[in-house]
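# A closer look at the structure
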Amino acid sequence: MKSERSINTSIKLLPVIELPSAEGKANRALIVLHGWGANQHDLIPLAQSLKQPSTHCFFPNAPFDVSGTGGTGKGWFSFPMNENSKRERIKSRETLISLVNDVQEKGFTPKEIVLVGFSQGAGMCLDVMLHMKTPIGAVVALSGFLMDGEKMKGREDLPTETPIFAAHGLYDPILPLKQSKETLHTLKELGFSLTWQEYPIAHEISHDEIGDIRVFLKKVFGTTS
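All values derive from a computational prediction rather than experimental measurement. (Residues numbered from 1 in each chain as written. Predicted model: local features only at pLDDT ≥ 70, side-chain atom pairs only at ≥ 80, totals over all residues. Heavy atoms only, no water.)

### Regarding the overall build of the protein chain
Counting its regular elements, the protein chain contains seven helices and ten strands. Expected size for 225 residues packed as a compact globule is a radius of gyration near 17 Å; at 16 Å, the protein chain falls within 12% of this value. Across the 225 residues that make up the protein chain, the buried fraction comes to 53%. Counting contacts in the protein chain only where the partners sit at least 6 residues apart, residues at least 24 apart contribute 76% of the total. Averaged over its 24 positive side-chain charges, the protein chain has a centre that lies 2 Å from the centre of its 25 negative ones. (Helix = DSSP H or I, 4+ residues; strand = E, 2+ residues; numbered from the N terminus. Rg over C-alpha atoms; globule rule 2.2 N^0.38 Å. Buried < 20%, exposed > 50% of the residue type's maximum accessible area, 1.4 Å probe, protein only. Contact = heavy atoms within 4.5 Å. Lys, Arg positive; Asp, Glu negative; His and termini not counted. Charge placed at Lys NZ, Arg CZ, Asp CG, Glu CD.)

Pasting the structure below:
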């Protein structure tokens, strides 16, 4: 995420890239959300590196165009935060909840759906999960943050059954570790099971991180990878 860029809200959501299971009928779905200024292609290597068996992956593009990227960079809401950010975030959330519903119509139960996101995409994963009527299988939030955590403290209908894996780089210059850790640990106060990891990296994803995500998913779903 680079602060000098802005968002053009006239850009619409593009088609979702799908990678079907290579091992027959899928019994799990990953919905993978890219970071600000990237696009739906960015995290395909991550999903492939997770080597999850019988998994169907979905890669949506964020709905807003990020200027300075030649039309290729997308955002879920304006950054730095401005008067449009909340409205854009709600629009993105509604679009993603619709995608989760579409994935269910393809034959996946909510408990078989995992939201995976990096940076702003991680924030959106948590935002979507907190506003789902039915708990989903898990959330993987990488180098991200929790939005409106304080407002969530008054809710009695939170989907606390959803386990969360969250990780961050010790040397992240874009989103400092302290800021991310403080917001995400609010999830523990809200009653969620939070697996937290820190790595000696910047604003990126490491090999060790991928390995820990695989361990987390194996623990949640009880499958081998």
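After presenting the structure, the write-up continues.
### Digging into the layout of surface pockets
The calculated volume of the largest pocket comes to roughly 220 Å³. Lining the largest pocket are 14 residues; nearest its centre among them are Ala47, Gln48, Gln52, Thr55 and Cys57. Secondary-structure elements contributing two or more residues to the lining of the largest pocket are α1 (44-50) and β4 (55-59). Tallied by class, residues from the lining of the largest pocket come to seven nonpolar, five polar and two charged. (1 Å grid on protein atoms, 1.4 Å probe; cavity = no way out; pocket = protein on both sides within 12 Å on 5 of 7 lines; lining within 4 Å. Points joined across faces, edges and corners; volume = space filled by probe spheres on them. Nonpolar A, V, L, I, M, F, W, Y, C, P; charged D, E, K, R; others polar.)

### Describing the pairing of strand β8 (residues 138-142)
Within β8, five of the five residues are buried, which leaves the element mostly enclosed by the surrounding structure. Here strand β7 (residues 113-118) pairs with β8 via five bridges, running parallel. Residue pairing in the sheet places Val116 in a bridge with Val140 of β8. Where the polypeptide runs from β7 across helix α3 (residues 120-130) and back to β8, its parallel neighbour, the crossover connection is right-handed. Bridge count between β8 and strand β9 (residues 164-169): four bridges; the pairing is parallel. Bridge pairing links Ala141 to Ala166 in β9. (Pairing = 2+ DSSP bridges. Right-handed = clockwise from strand over helix to strand, strands pointing away.)

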